[in-house]
Amino acid sequence: MQLSRRQLFKVSAGGLAATSSMATLGLFPTAALAEVRQYKLTRAKEVRNTCTYCSVGCGLLMYSLGDGAKNAKAEIMHIEGDPDHPVSRGSLCPKGAGLLDFIHSPNRLKYPEVREPGTNAWKRISWHEAIERVARHMKADRDANFVAKNANGVPVNRWLSTSMLTASASSNETGILTQKFMRALGIIATDAQARVCHGPTVAALAATFGRGAMTNSWVDIKNADFILVMGGNPAEAHPVGFKWAIEAKKKGARIVVVDPRFNRTAAVADEFMPIRAGSDIVFLGGVINWLIANDKIQWDYVKAFTNATFIVNEGFSFSEGLFSGYDEAKGRYDRSSWSYELDDKGLAKTDPTLSHPRCVWNLMKAHYARYTPDVVTDLTGTPKDAFLRVCAHLGETAVATRVGTILYALGWTQHTVGAQNIRTMAMIQLMLGNIGMPGGGVNALRGHSNIQGLSDLGLLSTSLPGYLTLPNEQAHPDFASYLAKNTPKALQPGQLNYWSNTPKFMVSLLKWFWGKNATAENNWGYDWLPKWDKMYDILQLMEMMYQGQMNGFIVQGFNPLTSLPDFNKTSAAFAKLKYMVVIDPMTTETSSFWQNHGEANNVDPAKIQTEVFRLPSTCFAEEDGSIVNSCRWLQWHWKGAEPPGEAKPDQEILGELFVALRKLYQDEGGPGAETILNLSWPYRDPAAPSPEELAKEMNGRALSDITDPTGKVLFKKGEQLPGFAALRDDGSTLSACWIFSGCWTEAGNQMGRRDNTDVGLGNTPGWSWSWPANRRILYNRASSDAQGKPWDPKRVLISWTGDKWAGIDVPDFKADAAPDTGMNPFIMNPEGVGRLFAADKLVDGPFPEHYEPMESPLGTNPLHPKVVTSPAVRLFASDKERLGKHDEFPYVGTTYRLTEHFQFWTKNVRLNAIAQPEQFVEIGETLAAEKGIKAGDTVKVSSKRGFIKAKAVVTKRVKALKVNGKTVHQIGIPLHWGWETVAKKGYLSNALPPAIGDCNTQTPEYKAFLVNLEKA
Ligand code: SF4
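Residues numbered from 1 in each chain as written. Predicted model: local features only at pLDDT ≥ 70, side-chain atom pairs only at ≥ 80, totals over all residues. Heavy atoms only, no water.

**Some details on the overall build of the chain**
Okay, step 1: Helix and strand counts for the chain stand at 29 helices and 42 strands.
Okay, step 2: Here the chain holds 1016 residues, and 66% of them are scored as buried.
Okay, step 3: Here the analysis covers contacts within the chain between residues at least 6 apart in sequence; of these, 74% occur between residues at least 24 apart.
Okay, step 4: In the structure as shown, the chain presents an accessible area of about 33200 Å², 51% of it carried by carbon and sulfur atoms.
Okay, step 5: Averaging the coordinates of the 111 positive side-chain charges in the chain and doing the same for the 103 negative ones gives two points 2 Å apart. (Helix = DSSP H or I, 4+ residues; strand = E, 2+ residues; numbered from the N terminus. Buried < 20%, exposed > 50% of the residue type's maximum accessible area, 1.4 Å probe, protein only. Contact = heavy atoms within 4.5 Å. Areas by Shrake-Rupley, 256 points an atom, 1.4 Å probe, with all protein chains shown as cover. Lys, Arg positive; Asp, Glu negative; His and termini not counted. Charge placed at Lys NZ, Arg CZ, Asp CG, Glu CD.)

As structure tokens, then:
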């Protein structure tokens, strides 16, 4: 009898307990019959789960022992890759392979604890005491500082003196409950890990294509003819996802890596070329110039599907490093001139001949004419011949039958020009006709396992679920102004302009927040939502904390002391807090910031008056729920065991806290009590909302019978809705996250589907569920030409059949809109096309421009010496003082991570600690020789803000570059170390980078800053 490995496990888990039974099936050779040892999984229970680390979202099979009796506790005893999983196909990287050690880490938290002011120890307390004390702190601070109305009398309902950071690996169900909990309290000083990682991705891709997500999928990378890896190191950071790039390579695709270091991706690529950290826009702007100069443009695509033909307003200009509208005193642009010229119907004017001097194409051509190959070489340090080869490879994809893709991650996002790095590549992909195509796209490789989901759920200072904006006090003082400003009108005739449905999404969301208390008369409870005055991102809220303007800090599944830039500033800020609440499965440096760890954390506990609560939560293996991988798949996972000690799911911790706070407000009243008392909290057990209840709410349901115009009932009251097209703006539907609508319908939990049938080109629509509407490749209408005929007969995703769009993917388009209606593929944009000119969408320019990092090794910007760094950067006075200069700190530091570790989690995992036990930095041979440093020496790397000590790895992988006539040395600085660890203790590498962020999103500039180096 022949059984696959997967079938074997099914059979063994199904009860074929005795080895003799297996032998009867012919599974074991005769010699094995003599063995008495039982197959270790024979009596195990198998459940499916997803890796908790990165957003490849690899499938896991978890095996637990425990018979389910009341007094028996199941324990996970084996984890391996799920061979059915379409992306991972049974593989796990060194992190996934060590997950068993994560679950059983000695650093798991088991009991609630408190560190009282000025003391030097944790004290165990009961859950009851923990919840009561935390709720009391929160109420006291909220009562003292709640702002019900602003100076103009606009209801703002915000509470700024307590902030909250949210988790990146917790489930969507925890995320959506957190959203409800926070906003009801009025918390807007909040942020998620997305801010540290891919904030600029959302800003750049939404500004270009309409949505801020990775366009294609992991498996789809295999369909590419050319793969550029720049601003990322996927072989190391996303090892299992990267195997699809290798699949493409096996079929003849070429992989080229552009990076400051010869990294592990470069080691398996066809070609590597170095670049100076922080000069990517010069390189990519040079590509745009080369493509135009050499006519490597997919013209039919560009003319039909981009805004190349659109005419820009007369007032727009660019000169000496500044776009029109710059206000030097405010350090901001007035963006009104970055707009299209409109006709008398309010539609954008176009010139299909591209001869108008102010059409987007001609403005773009003029803008990038300065980025010649010589300028590229001079500013990036990349050899000219290598740069020209990349241009040629990309240029080869400017035809219908060749497609290229880009894989990037934090190497692009973590700069003051992070969003514009990505924008430049997005423009290139539009020029080449590579968006919407299988094997194409802009593949933003997300980091943490559910950071895509947390972004989708709006766990950011100014967001609401589904990329709706949280109301702003000036722009949206009332519901009418909110809808008017967020419901765009189409800018070209016949466009789908999907955001025209904003009222349906928003009313359905408000019904979720306030339930029966939301009525047409009170504008669905709009006024109870908090309104923002400015963005309270991590850098802003740390600055407030540092200035003593923050009393409380709730930290859920996040380790900001290790993750935020300028650790010494963060530590000083924490010491000014009255209370801190850390909810986490593991010990974190954040929770023990008050402990002295010598040079690595030289603080005096007696002087720190912050009361710190440490509340143990479950990890992925101990709960049901869904997480969203990088390519937008919502994968449901199943609980395999109980958590250790008294650890609880986040939903229970939030539930108990909310119930306790609500009771306090019921009994005692207080400012803003109504936003808490009016909140809908309809869960079976209010102290423990279940994942199923929350997942169903995200999808949405009918609150009364929904009828069509003829009165026919489409959905009965109480039914789960089939998708967001069913949402209404009359209060008859509820949905907590419109883009997730379709995830849990009347047909059940779509996220739990596990059919891995490949329907073509690696597409597996029956595996889990993907937002939006189970579409797997975004903008897939653009895979066919204007007439609806696929560009490439080998890459057919959808095509026009004569009466509808159909194919192997769900059309990202109106299914019955014929090509001759003029509807265009970028349905989220009011103009229907992809944007080469981003109009007023970004704060630092409609075209990307090169600006030096805030700490520049050149000290000038040869393109425009009067404007060296980005003029739209937000810089707090306290951070300005902490910036270094190149004469004192002559080398470029750039941070990165290792395949054996995930951020600061795996230092708690023995297997990973063994694989990469000790902190190091990478130094080029020339610099090492200059400094007399040998491999293995301990070195001190310092910036204006702090220092680390680490072992020197002297390498050929980081070479000195010639830039603007001088030699620039770069130093590679891996993350991962700290003092809460089962490995060797280390320094926090974030002592080095500055607390300055991307102009648009405030994602910190970790990838290019100045350091000095000495032998320690
Ligand atoms: S860390 Fe990422 S690549 Fe590695 S096993 Fe987990 S999900 Fe897969």
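Picking up after the structure, the text goes on.
**Observations concerning the site of the ligand**
Okay, step 1: The local shell around the ligand consists of Cys-51, Tyr-53, Cys-54, Val-56, Gly-57, Cys-58, Leu-92, Cys-93, Lys-95, Gly-96, Pro-239 and Val-240.
Okay, step 2: Broken down by class, the residue content of the shell around the ligand amounts to nine nonpolar, two polar and one charged. (Near = heavy atom within 4 Å. Nonpolar A, V, L, I, M, F, W, Y, C, P; charged D, E, K, R; others polar.)

**Observations regarding the pairing of strand β38 (residues 947-955)**
Okay, step 1: Here five bridges tie strand β36 (residues 920-924) to β38, and the two strands are oriented parallel to one another. The residue of β38 that forms the bridge with Phe-920 is Lys-951.
Okay, step 2: Hairpin remark: strand β37 (residues 938-942) followed by β38, antiparallel, with four residues in the connecting loop. (Pairing = 2+ DSSP bridges.)

**A look at unusual backbone geometry**
Okay, step 1: Cis geometry marks the peptide bond from Trp-771 to Pro-772, where omega comes out at -10°.
Okay, step 2: The residue Pro-772 is located in the loop between β32 (769-770) and β33 (798-800) in this model.
Okay, step 3: With phi around 40°, Asn-157 is a residue other than glycine that occupies positive phi space.
Okay, step 4: Inspection of the secondary structure puts Asn-157 in strand β7 (residues 155-158).

**Topic: the nonpolar core**
The tendency in soluble globular proteins is for nonpolar side chains to be buried as a group.
Okay, step 1: With 276 residues, the main nonpolar core has Phe-283 and Trp-361 as its most contacted residues.
Okay, step 2: Counting residues per element, this core draws most heavily on helix α11 (residues 280-293), which supplies nine residues.
Okay, step 3: The contacts of Trp-361, once residues within four sequence positions are left out, are Ile-292, Ile-297, Trp-299, Val-302, Ala-308, Leu-354, Met-431 and Leu-836.
Okay, step 4: Within the second largest apolar cluster, 19 residues are counted, among which are Ala-600, Ile-933, Leu-992 and Phe-1009. (Core = buried A, V, L, I, M, F, W, Y, C linked by side-chain atoms within 4.5 Å.)

**Re the sheet that holds strand β12 (residues 271-274)**
Okay, step 1: Ordered by their spatial adjacency, five strands build an open sheet running β12-β11-β10-β17-β18, and the pairing between neighbours is parallel. Bordering the open sheet on either side are β12 and β18 (442-444), each of which pairs with just one other strand. The average undirected angle you get between the axes of adjacent strands in this sheet is 20°.
Okay, step 2: Alignment of strand β10 (residues 226-230) against strand β17 (residues 404-408), held across four bridges, turns out to be parallel. When the sheet's bridge partners are listed, Phe-226 is paired in β17 with Gly-404. (Axes fitted to C-alpha atoms, helices over the stretch in contact; angles between N-to-C directions.)

**Quick look at the pairing of strand β24 (residues 625-628)**
Okay, step 1: Side-chain alternation along β24 places Gly-625 and Ile-627 on one buried face and Ser-626 and Val-628 on a second face that is also buried.
Okay, step 2: Pairing of β24 with strand β25 (residues 633-637) involves four bridges; the strand directions are antiparallel. Bridge assignment links Gly-625 to a residue of β25, and that residue is His-637.
Okay, step 3: In textbook terms, the turn of a hairpin is the stretch between consecutive antiparallel strands, and for β24 and β25 this stretch comprises four residues, one of which, Arg-632, has a positive phi near 75°.

**Thoughts on the packing of aromatic side chains**
Okay, step 1: Per the stated rule, a full pass over the model turns up 51 aromatic pairs.
Okay, step 2: Taken together, the aromatic side chains of Phe-316, Phe-318, Phe-323, Tyr-326, Tyr-333, Trp-338, Tyr-368, Tyr-371, Phe-837 and Phe-847 make up a single cluster linked through ring pairs.
Okay, step 3: The ring centre of Trp-767 lies 4.9 Å from the NZ or CZ of Arg-754, which sits over that ring.
Okay, step 4: The lysine or arginine in question, Arg-781, covers the ring of Phe-813, its NZ or CZ lying 5.5 Å from the ring centre. (Phe/Tyr/Trp six-rings, centres within 6.5 Å; stacked < 30°, edge-to-face > 60°. Lys NZ or Arg CZ within 6 Å of the ring centre and 35° of its normal.)

**Some details on empty space enclosed by the protein**
Okay, step 1: In total, this model carries seven cavities of 30 Å³ or more according to the counting rule given.
Okay, step 2: The calculated volume of the largest cavity comes to roughly 600 Å³.
Okay, step 3: Surrounding the largest cavity, 43 residues form its lining, Leu-410, Gly-411, Thr-895, Tyr-896 and Lys-1007 being those nearest its centre.
Okay, step 4: When residues of the lining of the largest cavity are traced back to their parent elements, those giving at least two are α6 (193-196), α8 (234-237), β11 (254-259), α16 (410-413), α22 (560-563) and β35 (891-896). (1 Å grid on protein atoms, 1.4 Å probe; cavity = no way out; pocket = protein on both sides within 12 Å on 5 of 7 lines; lining within 4 Å. Points joined across faces, edges and corners; volume = space filled by probe spheres on them.)

**Some points on helix α17 (residues 418-431)**
Okay, step 1: Relative to the 20 Å expected for 14 residues at 1.5 Å per residue, α17 spans 21 Å between its end C-alpha atoms, a close match to the ideal helical length.
Okay, step 2: In terms of burial, α17 is a largely internal element, 14 of the 14 residues being buried.
Okay, step 3: Phi turns positive one or two residues past the end of α17, at Gly-433, with a value near 70°. (Expected span 1.5 Å × (residues − 1).)

**Observations concerning the sheet that holds β35**
Okay, step 1: Sheet architecture is closed into a barrel: six strands sit in the order β35-β41-β36-β38-β37-β42, paired in mixed fashion. Taking the axes of each pair of neighbouring strands and ignoring which way they run, one obtains an average angle of 45° across the sheet.
Okay, step 2: The pairing of β37 with strand β42 (residues 1009-1015) spans four bridges and is classified as antiparallel. Considered in β42, the bridge of Ser-942 is made with Asn-1012.

**What to know about helix α9 (residues 239-250)**
Okay, step 1: Between the first and last C-alpha of α9 there are 17 Å, a value that for 12 residues agrees with the 16 Å anticipated at 1.5 Å per step.
Okay, step 2: Where α9 is concerned, the buried positions are Val-240, Gly-241, Phe-242, Trp-244, Ala-245 and Ala-248.
Okay, step 3: Positive phi appears at Gly-252, one or two residues downstream of α9, with a value of about 110°.

**Things to note about the pattern of salt bridges**
Okay, step 1: Under the definition given, this model contains 54 salt bridges.
Okay, step 2: Where Asp-327 meets Lys-330, a salt bridge forms, and the shortest distance between an N and an O atom there is 4.0 Å.
Okay, step 3: Exposure remark for Lys-330: the relative accessible area of 55% places this residue in the exposed category.
Okay, step 4: Across the pair Glu-543 and Lys-569 runs a salt bridge whose closest N-O atoms are separated by 2.7 Å. (Salt bridge = Lys/Arg side-chain N within 4 Å of Asp/Glu carboxyl O.)

**Some details on the packing of α11 against helix α14 (residues 373-380)**
Okay, step 1: Direction vectors running N to C along α11 and α14 enclose 165°, while the axes themselves pass 9 Å from each other. One element, α11, and the other, α14, form an angle in the roughly antiparallel class. Remark: the crossing between α11 and α14 carries left-handed chirality. Listed contacts from α14 to Val-282, Phe-283 and Gly-286 of α11 are Val-375, Val-376, Leu-379 and Thr-380.
Okay, step 2: Residue classes in the contact of α11 with α14 are distributed as five nonpolar, two polar and no charged. (Parallel < 35°, antiparallel > 145°, perpendicular 65-115°, else oblique. Left-handed = near helix turned anticlockwise from the far one by under 90°.)

**What to know about the packing of α11 against helix α15 (residues 384-395)**
Okay, step 1: Following both chains from N to C, one finds α11 and α15 inclined at 55°, their axes separated by 10 Å at the closest point. As summarised for this structure, α11 and α15 are arranged oblique, according to the angle between their axes. In this structure, α11 crosses over α15, and the sense of that crossing is right-handed. Here Phe-283, Gly-286, Val-287, Trp-290 and Leu-291 of α11 lie close against α15, whose contacting residues are Phe-387, Leu-388, Val-390, Cys-391, Ala-392, Leu-394 and Gly-395.
Okay, step 2: Its residues assigned to classes, the contact of α11 with α15 comprises 10 nonpolar, two polar and no charged.

**Quick look at the side chain of Ser-481**
Okay, step 1: Here Ser-481 shows up in helix α19 (residues 479-486).
Okay, step 2: Excluding residues that lie within four positions of it along the chain, Ser-481 makes contacts with Ala-475 and His-476.

**Quick word on the environment of Asn-307**
Okay, step 1: Checked against the element boundaries, Asn-307 lands in the loop between α12 (299-305) and β13 (318-319).
Okay, step 2: Sequence-wise, Asn-307 and Ile-653 are 346 residues apart; in three dimensions their C-alpha atoms are separated by 49 Å.
Okay, step 3: Not counting residues up to four positions away in its chain, the partners in contact with Asn-307 are Tyr-340, Val-360, Val-833, Gly-834, Arg-835, Leu-836 and Phe-837.

**A word on the confidence of the model for the chain**
Okay, step 1: Confidence along the chain averages 95 in pLDDT terms, with 96% of residues attaining 70 or more.
Okay, step 2: For residues 1-30, every residue scores under 50 in pLDDT, and the model assigns this stretch 38 contacts once sequence neighbours within four places are set aside. (pLDDT = per-residue confidence, 0-100.)

**Concerning the state of the cysteines**
Okay, step 1: Taken as a whole and judged by the stated rule, the model has zero disulfides.
Okay, step 2: Here Cys-619 is not cross-linked by a disulfide; its sulfur's nearest cysteine counterpart is in Cys-51, at 11 Å.
Okay, step 3: A relative accessible area of 3% means that Cys-619 is categorised as buried. (Disulfide = S-S within 2.5 Å.)

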